[in-house]
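Now for the letters of each chain:
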Amino acid sequence: MVNAALKSGNPSMGVGAGNGAIYVDATAHIDRAVEDLLLSKRFDNGMICATENSAVVEASVYKEWLQKMQDKGAYLVPKKDYNKIEDFVFNDNHGVNGPVAGMPATWICEQAGVKLPEGKDVLLFELDKKNIGEKLTSEKLSPLLSVYKAKDRQEGIKIVEALLDYQGAGHNAGIQIGSQADPFVATYGDAVKASRVLVNQPDSVGGIGDIYTDALKASLTIGTGSWGKNSLSHNLSTGDLLNIKTVAKRRNRPQWIRLPGKTYYEKNAISYLQDEYEPMQRALIIADPGMVQFGFVDTVLAQLALRDEKVATSIYETIKPDPTLGQTIEIAKQMRDFKPDTVIAIGGGSAIDASKIARLIYEFYLDRGDEFLDSYDAVSEFFLELQQKIIYIRKRIVKFKHQTTIRLFCIPTTSGTGAEVTPFAVITDDYTHVKYPLADYELVPQVAIVDPEFVMTVPKRTAAWSGLDALSHALESYVSVMASDFTRPWSLEAIKLIIENLEDAYNYDPKNPTLRGEKAKENMHYAAVIAGMAFGNAFLGINHSLAHKTGGEFGLPHGLAISIAMQHVIRYNGASGNVKRSVYPRYEEYRAQKDYADIAHYIGLKGKDDAELVEALCDRIDKLMHTVNVEPKLSANGVTKEAFDVAVDRLASLAYDDQCTPANPRQPYISELKQLLIDMF
């Protein structure tokens, strides 16, 4: 088709065949090189044209590289089976037979009459460089990889050159090397006839641009220049006739830590509402009926009354559990009528989340007028933009104006959500009842007031569920692909505080107070905030993805839904070997098992290896749950088999699309999420 277009006499742009080769240098980070290559070959079953078709490995690391490839799920095909597979995959012209393209290794082996061991999904063929030009050296469009041993760098270049001269000239070549500043990167790039030289990244994803490098434009149409008889040598955009060579180095996006401008803490921190350095003339207080009933709203009003200048107040006091978009519109309308300069949200996650979204809707209304706020459909359209699934919160497509009209003060009265310090909110769809986690830095409050006095009378059941929710925040933020040296200490400290204090906080009786119980309550309150600081900057994972959907579907309290999924997710993420790693540049090798093992060590657990420590961590969490009377099963919490069976496929799909899923260290298949749900039942 490309050939016909180019000969048609009409202006046209065409691209050429790929047959990319990756050179693994002796200095390479071998674990990353292995995982990048396997990630690439598994992506679309090697169908992407930029996928590595051959690996050229320096002799000094060849044995180690080959063994680790096999340990992670690759299969070294016996030489006796080479002909069976190549005769099935390729036609006489060395092209891929149509039905093979994009098919998994299991199907290919079955059709070729070759037995493939369970758990293997990438096929390796050790070939002789003298025979470049045989079928198995061709573009494969499938999870097959030819492997060559090079005695040194210069021979490595020669083998890659020979492969590209045979097929795929101009398309792409890659290199895995220790330092990206090594002068050999330039030597290699100058030598090979490839329009894109990909350094330290999975070529299938790196070659199509944007995710692993800013040096290439995002495109699935990749030119090969005059080397491949193309009219363009870049990822297709406006195009030109120049041969443009790009050396694309792996990079990590600059990150930041985002927190409220001020976080007041200690007992009686509520007194900071008197502070004249916190300007305030008109305050809307948002709370649930319990906050009014138990006098917490009166406490806020009393503090405001002590200010030198009178503060006009209005109260929205009917926040419901799992607030809906419709309720946030009601609150925004009250803001329109009252015109506050400050919103004070007091309560659990529901009050704080509703306040965040309502403030955003109100500020958006100021630019749009009453027609926007009075139309549920118009606000719903805005809500759909806000709920877009993203991985880089700073790089989202839809931008929202800075919150400048209203300052948001958050006063948590439960020890769980951490919402008072995060850029997140969870809102429920009025019609589908699906919970949507929303993420935007415009949702970060300006002030958090963390006063332990507000949690001393929290009911035992709420203390248990909210404490386990905070534990999941700390666990997931520690193993997240976005975790960093800035966030991990917060995660670890929160985990330790919760493990050591949740039982005592749960058993605390406000009618018979003890110093130990009061301290446990205080520590749990701080742990929830510290965990919020961690996950607000490192994000979460599929523990929350699953809980958002089961909680909304079956009417389960959030902390309970979190508890039910927790141990299953830890074991799922804590696997080793053939694991599909989530795509995130600074997450260079799969480390969730080690991360969980580090957590176990930190809280004093023992084990002979990382796998055993993962189990020890699960056992400790299970023990903790049962000490606070939480039974982590859907079936033990009112979910019937009939209701579960009707919903499970839909819930698995919804969980995959959840905002929390991209930061999970292990990238799940929908079928795996379904199995986790079945295990949770």
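Residues numbered from 1 in each chain as written. Predicted model: local features only at pLDDT ≥ 70, side-chain atom pairs only at ≥ 80, totals over all residues. Heavy atoms only, no water.

(A) Fine view of the domain arrangement of the chain. According to the domain assignment, the chain contains domain 1 (15–234), domain 2 (258–454) and domain 3 (465–680). The C-alpha-based centres of domain 1 and domain 2 are spaced at 51 Å. (Domains from an automatic or database assignment.)

(B) Seen up close, the sheet that holds strand β3 (residues 74–76). If you walk across this open sheet you meet the eight strands as β3-β4-β5-β2-β1-β6-β7-β8, and the pairing is parallel. Across the chains shown, the open sheet's two edge strands, defined by having one partner strand only, are β3 and β8 (246–249). In this sheet, adjacent strand axes meet at a mean angle of 25 degrees when their direction is disregarded. Note that strand β1 (residues 21–24) and strand β2 (residues 54–58) share four bridges and pair parallel. (Pairing = 2+ DSSP bridges. Helix = DSSP H or I, 4+ residues; strand = E, 2+ residues; numbered from the N terminus. Axes fitted to C-alpha atoms, helices over the stretch in contact; angles between N-to-C directions.)

(C) Here's a closer look at the environment of Gly 189. Summarising the element assignment, Gly 189 is placed in helix α7 (residues 183–191). Counting along the chain gives 37 residues from Gly 189 to Ser 226, while the straight-line C-alpha distance between them is 17 Å. Beyond its immediate sequence surroundings of up to four residues, Gly 189 is in contact with Val 197 and Lys 245. (Contact = heavy atoms within 4.5 Å.)

(D) Here's a closer look at the sheet that holds strand β11 (residues 312–316). With respect to topology, six strands assemble into an open sheet ordered β9-β16-β13-β12-β10-β11, the strand pairing being parallel. The outermost strands of the open sheet, each flanked by one partner alone, are β9 (262–265) and β11. In this sheet, neighbouring strand axes are inclined to one another by 15 degrees on average, regardless of whether the strands run parallel or antiparallel. Note that β9 and strand β16 (residues 447–450) share four bridges and pair parallel. When the bridges of β16 are listed, Lys 262 appears paired with Val 447. Contacts between helix α12 (residues 349–368) and the sheet are confined to β10 (282–286), β12 (342–347) and β13 (407–412), with β12 contributing the most and set at about 155 degrees to the helix.

(E) Seen up close, the nonpolar core. With 80 residues, the main nonpolar core has Leu 471, Leu 475, Leu 546 and Leu 617 as its most contacted residues. Apart from residues no more than four positions distant in its own chain, Leu 617 is found in contact with Leu 475, Tyr 596, Ile 599, Ala 600, Ile 603 and Leu 605. (Core = buried A, V, L, I, M, F, W, Y, C linked by side-chain atoms within 4.5 Å. Buried < 20%, exposed > 50% of the residue type's maximum accessible area, 1.4 Å probe, protein only.)

(F) Broad picture of the packing of helix α18 (residues 542–554) against helix α22 (residues 641–656). α22 packs onto α18 with a crossing angle of 140 degrees between their chain directions and a minimal axis gap of 10 Å. By the criterion of interaxial angle, the relationship of α18 to α22 is oblique. You can see that α18 and α22 cross each other, and the crossing is right-handed. Facing α18, whose interface residues are Ser 545, Leu 546, Lys 549, Thr 550, Glu 553 and Phe 554, α22 presents Ala 643, Phe 644, Ala 647, Arg 650, Leu 651, Leu 654 and Ala 655. The residue inventory of the contact of α18 with α22, partitioned by class, reads eight nonpolar, two polar and three charged. (Parallel < 35°, antiparallel > 145°, perpendicular 65-115°, else oblique. Left-handed = near helix turned anticlockwise from the far one by under 90°. Nonpolar A, V, L, I, M, F, W, Y, C, P; charged D, E, K, R; others polar.)

(G) Up close: the UniProt feature "domain: Fe-containing alcohol dehydrogenase-like C-terminal" (unreviewed entry) in the chain. UniProt annotation of "domain: Fe-containing alcohol dehydrogenase-like C-terminal" (unreviewed entry) refers to residues 464–677 when read in the numbering used here. Taken end to end, residues 464–677 has its terminal C-alpha atoms 22 Å apart, with 66% of it in helix and 0% in strand. (UniProt positions renumbered as here; feature names shortened; annotations may be inferred.)

(H) Main features of the packing of α18 against helix α19 (residues 558–573). With their axes 8 Å apart at the nearest point, α18 and α19 run at an angle of 140 degrees to one another. In terms of orientation, α18 lies oblique with respect to α19. Remark: the crossing between α18 and α19 carries right-handed chirality. Between α18, through Ile 542, Asn 543, His 544, Leu 546, Ala 547, His 548, Thr 550 and Gly 551, and α19, the contact on the second element is made entirely by His 558, Ala 561, Ile 562, Ala 565, Met 566, Val 569 and Tyr 572. Tallied by class, residues from the contact of α18 with α19 come to nine nonpolar, six polar and no charged.

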